[in-house]
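# Residue-level structural notes
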Amino acid sequence: MKVKDIDWTTWIPSEKAVITYILDGENVLLIHKKTGLGAGMVNAPGGHIEEGETAVEAAIRETKEEVGLDTENLIFSGDLYFHFLDGLKLRGTVYLCRDFKGSLIETDEASPFWCAIKDIPWENMWEDDRHWLPQALKNERFTGYFIFDKEKMVDKSLVFHASN
Ligand SMILES: CNc1ncnc2c1ncn2[C@@H]1O[C@H](COP(=O)(O)OP(=O)(O)OP(=O)(O)O)[C@@H](O)[C@H]1O
């Protein structure tokens, strides 16, 4: 199956998630994810949007729960649409944040670490990340559509949008 085989205008996500990349100079906060989808991989703080919550509220809550930091002034970065062949339809909203307080903690869900942007461990991350995260960290906005067969990306389509 290819991205173009899906009518994305009528595609409705079965799950909605958020993911936040916290930046401090040339470093980005990543996590070793311990539970849920992508356990064992490197990702960033994030998770499901709960009933009655906005995406930004979910992003702030998940970052606090997973790594103990308080985030403010989240910047919308892009939308990810993941169609898994087993039926999961996941929409991810990506944020950047340069405004945070508190101390990093390890939790049951995540082990956080600061990583130089130039040293991001792509081989331990979801396969789509290398196709949009470098641009996202340079403030390019994007929309990405992906087909996954379990953890294997089988097709992708990405659009980058001019930002200011
Ligand atoms: C398929 N390729 C993928 N590439 C890049 N990132 C991916 C991803 N698939 C999921 N993600 C992100 O990982 C976070 C947790 O996903 P999610 O399903 O919500 O799992 P998690 O178990 O953490 O949720 P809860 O904390 O239980 O709410 C979430 O931000 C989501 O956008």
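Residues numbered from 1 in each chain as written. Predicted model: local features only at pLDDT ≥ 70, side-chain atom pairs only at ≥ 80, totals over all residues.

## With respect to the UniProt feature "domain: Nudix hydrolase" (unreviewed entry) in the protein
Under the present numbering, the feature "domain: Nudix hydrolase" (unreviewed entry) in UniProt falls on residues 13-142. The distance separating the terminal C-alpha atoms of residues 13-142 is 18 Å; by composition the span is 16% helix and 43% strand. (UniProt positions renumbered as here; feature names shortened; annotations may be inferred. Helix = DSSP H or I, 4+ residues; strand = E, 2+ residues; numbered from the N terminus.)

## Structural notes on the site of the ligand
The environment of the ligand is made up of 18 residues, and the closest members are G36, G46, G47, G92 and W126. Listing elements by their share of the shell around the ligand, those giving two or more residues are β1 (15-24), β4 (46-48) and β7 (89-97). Of the residues assigned to the shell around the ligand, the class counts are eight nonpolar, eight polar and two charged. (Near = placed C-beta within 6 Å. Nonpolar A, V, L, I, M, F, W, Y, C, P; charged D, E, K, R; others polar.)

## Quick word on unusual backbone geometry
Trans is the prevailing form of peptide bonds, just as negative phi is the prevailing case for residues other than glycine. Here the phi dihedral of N73 falls at roughly 55 degrees; this positive angle occurs in a residue that is not glycine. Residue placement: N73 occurs in the loop between β5 (70-72) and β6 (75-84). Phi is positive for K150, close to 55 degrees, though the residue is something other than glycine. Positionally, K150 belongs in the loop between β10 (141-149) and β11 (152-161).

## Observations regarding the pairing of β7
Relative to β7, β1 runs parallel, the two sharing eight bridges. Directly across from I22, in β7, lies its bridge partner C97. Where β6 and β7 come together, eight bridges link them in antiparallel fashion. Opposite F82, over in β7, you have L90 as the bridge partner. Counted along the chain from β6 to the antiparallel partner β7, the turn is four residues long, and its residue G87 has a positive phi close to 115 degrees. (Pairing = 2+ DSSP bridges.)

## Overview of the nonpolar core
Within the largest apolar cluster, 28 residues are counted, with the highest numbers of intra-cluster contacts made by V18, I22, L29, L30, A44, A59 and Y95. For this core, the secondary-structure elements that each account for two or more residues are β1, β2 (27-33), α1 (55-67), β6, β7 and β10. With five residues, the single largest contributor to this core is β1. With near-sequence residues (within four places) excluded, A59 lies in contact with V18, T20, G46, L74 and Y95. (Core = buried A, V, L, I, M, F, W, Y, C linked by C-beta atoms within 7 Å. Buried ≥ 20, exposed ≤ 12 C-beta atoms within 10 Å, placed from the backbone. Contact = placed C-beta atoms within 7 Å.)

## Let's talk about the environment of E72
Looking at the element boundaries, E72 is found in strand β5. Judged by C-beta crowding, with 10 C-beta atoms within 10 Å, E72 ranks as exposed. The spatial distance from the C-alpha of E72 to the C-alpha of A136 is 18 Å, given a sequence separation of 64 residues.

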